[in-house]
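# Secondary and tertiary structure notes
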Amino acid sequence: MTYYEPLSYVVPPEEDGFTLKTILRDRMGLSRKLLSRLKLTNEGITVNGERRYTNTKVRAGDRVEVRMEEEQSDDILPQNIPIELLHEDDHLLVLNKPAGIIVHPTIGHYTNTIANAVVHHWLQAGRKHRFRPVHRLDKETSGVLAIAKNPYAHQHISEQMQAGRVEKRYLAVVRGRVRDEAGTVDAPIDRDPQSPHIRIVTASGYPSVTHYETVERFGEAATLVSIRLETGRTHQIRVHMKHIGHPLLGDSLYGAEGGEAEAGCARSDGGAVAAADEAAAIGRQALHAAVLAFAHPADGRPVRFEAPLPADMIRLIERLRNDSFR
């Protein structure tokens, strides 16, 4: 059996006499599920290099180490698909996802995904990891995507997301002129009972909050907005922006004109033809995951990853900018 590099913790003087379980749960942050898995392996949990029961009391200066078994996604076919790495270490791989590729294989779509590309990358480096994305991006959304390389990292980032401590910022080009400089959409989201693959705003839905700021207006045709998610529902940005009357340009699912404008937003048909032309030119929803920030699972230090705007969105913005000055 082979293991990843261990996670280590040296017991400080003020924790002399604590139980090993307290150190593992409260100081190293292991979940109950992961702790149960580690107990089943000979080298999963050690103190000063020796296996110990979790009710053992530790002493100041003891080195507690956790070792997780190496894993790999045997059900994912490796494919030599280029990926743009933003960061990689023993716990994380962060990449700049291009538009037009899905993250994980699905029924009937087992190849040509980010997972196929990442598994190939790891095999080429002689490493084994299970593919664990800590969040998802739609097929046509580009930008920062983080993948955990072990269950410990996945657990820690997932807990941060659930607690609202992960910063997720997006850039989007939406239809029409957004009037206010900033605003918040607080509207619950759930599946459309008539079309389960579509999400809608509904009073019986799950709490969903999206904050937006206006970055640049292109006449009456479109607006570039910066978006920060407080929650992470499926299609949340696309649904919320449609809800306030400003669907994303190029969004084939939620982009149809409609919806009621709320305070702070203004719809206008002026420039609609130009916006439609530009939306067709980009061929996808104009949405980019620009920033992802959280506490690193290994040591808690803040990390921040940014992905520059892709070429197709840059071209879209330049064309809209030129159109607005005609």
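So, here is what we can say about the structure in this document. Just so we're clear, the structure is a prediction, and the values are computed from it rather than from any experiment.

## Comments concerning the overall build of the protein
A count of helices and strands for the protein gives seven helices and 16 strands. Principal axes of the C-alpha set define a box for the protein whose edges measure 75 × 40 × 40 Å. The proportion of buried residues among the 326 residues of the protein is 49%. Contacts in the protein between residues far apart in sequence, at least 24 positions, make up 67% of those at least 6 positions apart. Looking at the protein as shown, the accessible area adds up to about 15,900 Å², and 47% of this sits on carbon and sulfur atoms. Separation of charge centres in the protein, based on 42 positive and 43 negative side chains, amounts to 4 Å.

## So, the nonpolar core
In terms of nonpolar packing, the biggest core is built from 30 residues, with I114, V118, F131, I147, Y170, I227 and I237 touching the most fellow members. Contributions of two or more residues to this core are made by β6 (92-97), α3 (114-124), β8 (142-148), β9 (167-175), β14 (222-229), α5 (236-243) and β15 (287-295). Beyond its immediate stretch of four places on either side in the chain, I114 contacts L95, K97, P98, I101, I102, V103, F131, L145 and I147. Judged by nonpolar contacts, the second largest core, of 19 residues, contains I23, L24, L34 and V47.

## Structural notes on α5
Where burial is concerned, most of α5 is hidden: six out of the eight residues are buried. Taken together, the buried positions of α5 are occupied by Q236, I237, R238, V239, H240 and M241. G245 sits one or two residues past α5 and shows a positive phi near 90°.

## Some thoughts on the pairing of β15
Within β15, eight of the nine residues are buried, leaving the element largely enclosed by the surrounding structure. Bridge count between β8 and β15: two bridges; the pairing is parallel. Within the sheet, the bridge partner assigned to S142 lies in β15 and is H288. Strand direction decides the pairing type here: β9 and β15, joined by six bridges, are antiparallel. Its bridge partner lying in β15, E167 is registered against A293.

## Digging into unusual backbone geometry
Non-glycine residue N112 carries a positive phi angle of around 60°. In this structure, N112 sits in the loop between β6 and α3. A positive phi angle is found at H235, which is not glycine, with a value near 60°. One can find H235 in the loop between β14 and α5.

## Concerning the environment of L95
Residue placement: L95 occurs in strand β6. Looking at L95, the relative accessible area reads 1%, which means it is buried. Along the sequence, L95 and S8 sit 87 residues apart, while their C-alpha atoms lie 27 Å from each other. Leave out the neighbours within four places in its chain, and L95 touches I83, E84, L85, L86, I114, V118, G143, V144, L145 and I147.

## Overview of the pattern of salt bridges
What the rule picks out here adds up to 14 salt bridges. Here E181 makes a salt bridge to R217, at a shortest N to O gap of 2.9 Å. Pair noted here: E181 is in the loop between β9 and β10 (182-186) and R217 is in strand β13 (residues 209-218), with a separation of 36 residues, a long-range link. Salt bridges linked by common partners bring E167, R169, R304 and E306 together as one network.

## Notes on the packing of aromatic side chains
Aromatic ring pairs are described here by two measures, namely the spacing of the ring centres and the angle between the planes. Per the counting criterion, the structure on display carries one aromatic pair. Note on F294 and F305: the rings are 5.9 Å apart at their centroids and 50° apart in plane angle, and the pair reads as tilted. Here F305 lies in strand β16 (residues 302-306) and F294 lies in strand β15, a separation of 11 residues in the sequence.

## Describing the side chain of Q285
Checked against the element boundaries, Q285 lands in the loop between α6 (272-282) and β15. Judged by relative accessible area, Q285 falls into the buried class, the value being 5%. Within the structure, Q285 has its side chain in polar contact with the side chain of R238 (distance 3.4 Å). Ignoring anything within four residues of it in the chain, the contact list for Q285 reads D138, E140, T141, R238, L248, L249, G250 and D251.

## A word on the sheet that holds strand β3 (residues 50-51)
The strand order across the open sheet formed by four strands is β1-β4-β2-β3, and the pairing between neighbours is antiparallel. Looking at strand neighbours, the two that pair on one side only are β1 (7-10) and β3, the edges of this open sheet. Two elements, β1 and strand β4 (residues 63-66), share four bridges in a ladder whose sense is antiparallel. Bridging across to β4, V10 finds its partner in R63. Across the face of the sheet, helix α1 (residues 20-27) comes into contact with β1, β2 (45-47) and β4 while running at roughly 60° to β4.

The rules behind each value
- Residues numbered from 1 in each chain as written.
- Predicted model: local features only at pLDDT ≥ 70, side-chain atom pairs only at ≥ 80, totals over all residues.
- Heavy atoms only, no water.
- Helix = DSSP H or I, 4+ residues; strand = E, 2+ residues; numbered from the N terminus.
- Buried < 20%, exposed > 50% of the residue type's maximum accessible area, 1.4 Å probe, protein only.
- Contact = heavy atoms within 4.5 Å.
- Areas by Shrake-Rupley, 256 points an atom, 1.4 Å probe, with all protein chains shown as cover.
- Lys, Arg positive; Asp, Glu negative; His and termini not counted.
- Charge placed at Lys NZ, Arg CZ, Asp CG, Glu CD.
- Core = buried A, V, L, I, M, F, W, Y, C linked by side-chain atoms within 4.5 Å.
- Pairing = 2+ DSSP bridges.
- Salt bridge = Lys/Arg side-chain N within 4 Å of Asp/Glu carboxyl O.
- Phe/Tyr/Trp six-rings, centres within 6.5 Å; stacked < 30°, edge-to-face > 60°.
- Polar contact = N/O pair within 3.5 Å; in protein donor to acceptor, adjacent residues only side chain to side chain.
- Axes fitted to C-alpha atoms, helices over the stretch in contact; angles between N-to-C directions.

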